[in-house]
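Single-letter residue listing:
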Amino acid sequence: MKQSHQLPLMGLLLFSLIPSQLCEICEVSEENYIRLKPLLNTMDQSKYTRGTSSSVDVLLSLQLVGIQNQNLKQKLIQQMEYIVKRRLSQVSSGELALIILALGACRNPDKNLIYDYHLIDKLENKFQAEIENMEAHNGNPLTNYYQLSLDVLALCLFNGNYSTTKVVNYFTPENKNYYFGSQFSVDTGAMAVLALTCVKRSLINGQVKTDESNLKNISIYIKSLVEKILSEKKENGLIGNTFSTGEAMQALFVSSDYYHENDWNCQQTLNTVLTEISQGVFRTPTAAAQVLPALMGKTFLDVNKDSSCVSAAGNFSISTQEPITVTTPGSQSSISVNYSVRINETYFANVTVPNGSVFLGVMEKAQKMNDTIFGFTMEESSWGPYITSVQGLWASNNDRTYWELLSGGKPLSQGVGSYIVHDGENLEVRWSKY
């Protein structure tokens, strides 16, 4: 592994003017690129359904780290063209922000889609709709604060219009939208740090004019959010959970002047993530795509439509070997789990499923047993399927309600389509507020 090193934020001029603003980065060394193969194979060998957002995540990741795979990139860009030309009105603000970041991540002809289809203007409108919804619905956005942070980040990087004052008003670290119940959301906080850091740089660089108090408040917000992120660091170096760690690393890379060197052992975190990769944890293309940039020492702030699309990793090819599989311990062909749905009361069932089944398989089997009690609906997302309703009770952003997945009473960090269940496990779907 390479030793931590420091990079100037704004070039030599600002480096001399504000020497404290440096990025502290650790990254996978070239001789260890082979350990990233499972991530790359997952992205390469996944089937991308037309119009799904996982293709956006993967293209952004590949563009950022500079890995060349023209066949895959062309397939992903075709997916994006379809979204832009056919279903742009259906995508959320955060999805549109990711499309802009992916198309403009480096110098390539596809960035013209951003301007030919006026994507910046459309993102400005979607972001304004989020703000208006917050004003009308007790501070609740149409989507969530992770997506709002993506909106601000893309508008900032691509010189879109946004109100710095509104950013200051709505991105206070104690805002309820950073939390699921009492639990701080690390990936939401991390994306906010990236967005606020971009805004701060624009203010310092004179690209955006604002009151001096806004710049001061943004610095205070970044410091507070970084402290919250670091408070979620586990003994093994993961931050929040396995899937939030990559974005947490990005946030900490760009904010090292807000914490002490001994507050975070970057190398330990990187080593733990590499171990998780070897165990097949990052099984969806979105999960693989979101962790890869940090492992290569990149952040979303490295998006630059004028930079080269090739990096030192450019010749690191994606192999065509079989995708990684996870072997489930035990030789039994079927297992039995205890499944429950909890709303105002709790409904139980003992469900038998094939060994190696995921949580969704349990829910589908229970639904066949009793559709009235265990009936549910779901939608596909870039992270895989997620539950939208059970017993006809729908999750709602405005009401801040959702269906929470638990095992043994503890929330799961993996989704309903990826968590592999175990014999005798106590699984629960709970109606919850965040």
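Shown above is the structure to which this text applies.
The following refers to the structure shown. (Residues numbered from 1 in each chain as written. Predicted model: local features only at pLDDT ≥ 70, side-chain atom pairs only at ≥ 80, totals over all residues. Heavy atoms only, no water.)

1. Considerations on the overall build of the protein chain
Within the protein chain, the secondary structure is distributed over 16 helices and twelve strands. Counting the 434 residues in the protein chain, one finds 55% classified as buried. When the accessible surface of the protein chain is summed, it comes to about 19,300 Å², and 47% of that surface belongs to carbon and sulfur atoms. (Helix = DSSP H or I, 4+ residues; strand = E, 2+ residues; numbered from the N terminus. Buried < 20%, exposed > 50% of the residue type's maximum accessible area, 1.4 Å probe, protein only. Areas by Shrake-Rupley, 256 points an atom, 1.4 Å probe, with all protein chains shown as cover.)

2. Concerning the environment of G237
Checked against the element boundaries, G237 lands in the loop between α11 (212–231) and α12 (245–253). With relative accessibility at 0%, the residue G237 sits in the buried group. Residues G237 and N271 lie 34 residues apart in sequence; the distance between their C-alpha atoms is 8.5 Å. When neighbours within four sequence positions are excluded, G237 is seen to be in contact with Q268 and T269. (Contact = heavy atoms within 4.5 Å.)

3. Considerations on helix α4 (residues 70–86)
With 17 residues, α4 should cover 24 Å at 1.5 Å per step; its first-to-last C-alpha distance of 24 Å lies within 8% of that length. When α4 is considered as a whole, its buried residues turn out to be L72, K73, L76, I77, Q79, M80, I83 and V84. The buried side chains of α4 occupy one side of the element, clustering within an arc of 155° when seen end-on. Away from the buried face of α4 by more than 90 degrees, exposed residues Q70, N71 and R86 are located. For α4, the secondary structure elements touched by its buried residues are α2 (37–45), α3 (54–65), α5 (93–103) and α7 (119–136). (Expected span 1.5 Å × (residues − 1). Arc of directions from axis to C-beta.)

4. Comments concerning empty space enclosed by the protein
Evaluated as defined, the whole model comprises three cavities of 30 Å³ or more. In this structure, the largest cavity occupies an estimated 60 Å³ of space. Lining of the largest cavity is provided by D57, L60, S61, L98, Y146, E247, A289, Q290, P293 and F300. For the lining of the largest cavity, the per-class residue count stands at six nonpolar, two polar and two charged. (1 Å grid on protein atoms, 1.4 Å probe; cavity = no way out; pocket = protein on both sides within 12 Å on 5 of 7 lines; lining within 4 Å. Points joined across faces, edges and corners; volume = space filled by probe spheres on them. Nonpolar A, V, L, I, M, F, W, Y, C, P; charged D, E, K, R; others polar.)

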